[in-house]
Amino acid sequence: HSDYEIESIALTLKNLQLELLEKYNIKMVFLPVPGKYTIYHHLTNSTDKYDSFLPRLYTVLDQHNIPVVKLYEPFKQSKELVYWGSDTHWNNEGIDIAAKKTAEAVNVLH
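Summarised in this report is the structure supplied together with it. (Residues numbered from 1 in each chain as written. Predicted model: local features only at pLDDT ≥ 70, side-chain atom pairs only at ≥ 80, totals over all residues. Heavy atoms only, no water.)

Leu 61 and Phe 75 are the most contacted members of the largest nonpolar core, which totals 24 residues. Among the elements of the structure, helix H1 (3-24), helix H2 (36-44), helix H3 (53-63), helix H4 (72-77) and helix H5 (92-109) are those that each provide at least two residues to this core. At six residues, the largest contribution of residues to this core is made by H3. Beyond its immediate sequence surroundings of up to four residues, Phe 75 is in contact with Pro 34, Ile 39, Val 82, Tyr 83, Trp 90, Gly 94, Ile 97 and Ala 98. (Core = buried A, V, L, I, M, F, W, Y, C linked by side-chain atoms within 4.5 Å. Buried < 20%, exposed > 50% of the residue type's maximum accessible area, 1.4 Å probe, protein only. Helix = DSSP H or I, 4+ residues; strand = E, 2+ residues; numbered from the N terminus. Contact = heavy atoms within 4.5 Å.)

Side-chain pairing between opposite charges can occur once the charged atoms of the two side chains come close. Scanning the model with the defined rule gives four salt bridges in all. Across the pair Lys 101 and Glu 104 runs a salt bridge, and its minimum N-O distance is 3.4 Å. Residue Lys 101 and its partner Glu 104 are both found in helix H5; the two are separated by three residues, about one turn of the helix. In this structure Lys 101 comes out as partly exposed when scored by relative accessible area, which is 26%. We classify Glu 104 as partly exposed; its relative accessible area is 36%. (Salt bridge = Lys/Arg side-chain N within 4 Å of Asp/Glu carboxyl O.)

Right, let's talk about unusual backbone geometry for a bit. If you check the backbone angles, Asn 25 has positive phi at about 55° while not being a glycine. Tracing the chain through its elements places Asn 25 in the loop between H1 and H2. In the Ramachandran plot, Asn 65 falls in the positive-phi region, its phi being about 60° despite a non-glycine side chain. Along the polypeptide, Asn 65 turns up in the loop between H3 and H4.

Under the counting rule described, the total for this entry stands at four aromatic pairs. Ring plane angle 80° and centroid distance 6.0 Å describe the contact between Tyr 40 and Tyr 83, whose orientation is recorded as edge-to-face. With Tyr 40 in helix H2 and Tyr 83 in the loop between H4 and H5, the pair connects residues that are 43 residues apart, well separated along the chain. Here the aromatic rings of Phe 75 and Trp 90 are separated by 5.7 Å at their centres, their planes lie at 85°, and the arrangement is edge-to-face. (Phe/Tyr/Trp six-rings, centres within 6.5 Å; stacked < 30°, edge-to-face > 60°.)

Let's shift gears to H5. The first and last C-alpha atoms of H5 sit 26 Å apart over 18 residues, in line with the 26 Å expected at 1.5 Å per residue. Those residues of H5 that sit buried are Gly 94, Ile 97, Ala 98 and Ala 105. For H5, the angular spread of buried residues about the axis comes to 95°, placing them on one side. Projecting away from the buried face of H5 at angles above 90 degrees are the exposed residues Asn 92, Lys 100 and Asn 107. Its buried side turned inward, H5 meets H4. The backbone nitrogen of Glu 93 lies 3.0 Å from a side-chain oxygen of the residue at the head of H5, namely Asn 91. (Expected span 1.5 Å × (residues − 1). Arc of directions from axis to C-beta. Polar contact = N/O pair within 3.5 Å; in protein donor to acceptor, adjacent residues only side chain to side chain.)

What follows is the structure, given as structure tokens:
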């Protein structure tokens, strides 16, 4: 992902954030979901390097004051698997982390 693409995503979200607030009085919190491969790619392909898309996106979203739920690091640091082994859905550990981080992000808005 290029810096241009990341900035474009952030600007699109900024416009959505402003529109939701102005038209509907809704505060937006963005939750980009890390894919299973993003978290565990090193286990399947040692030559494929992650381009740090989510951490880079988080930085740009912060610069634009867009509230964001940051799951990348908590998922990477979990001692437990956060996805079911047989598919790409979160298991109980992933759900718990996501729920906690989402609640923290929403509470900051109040």
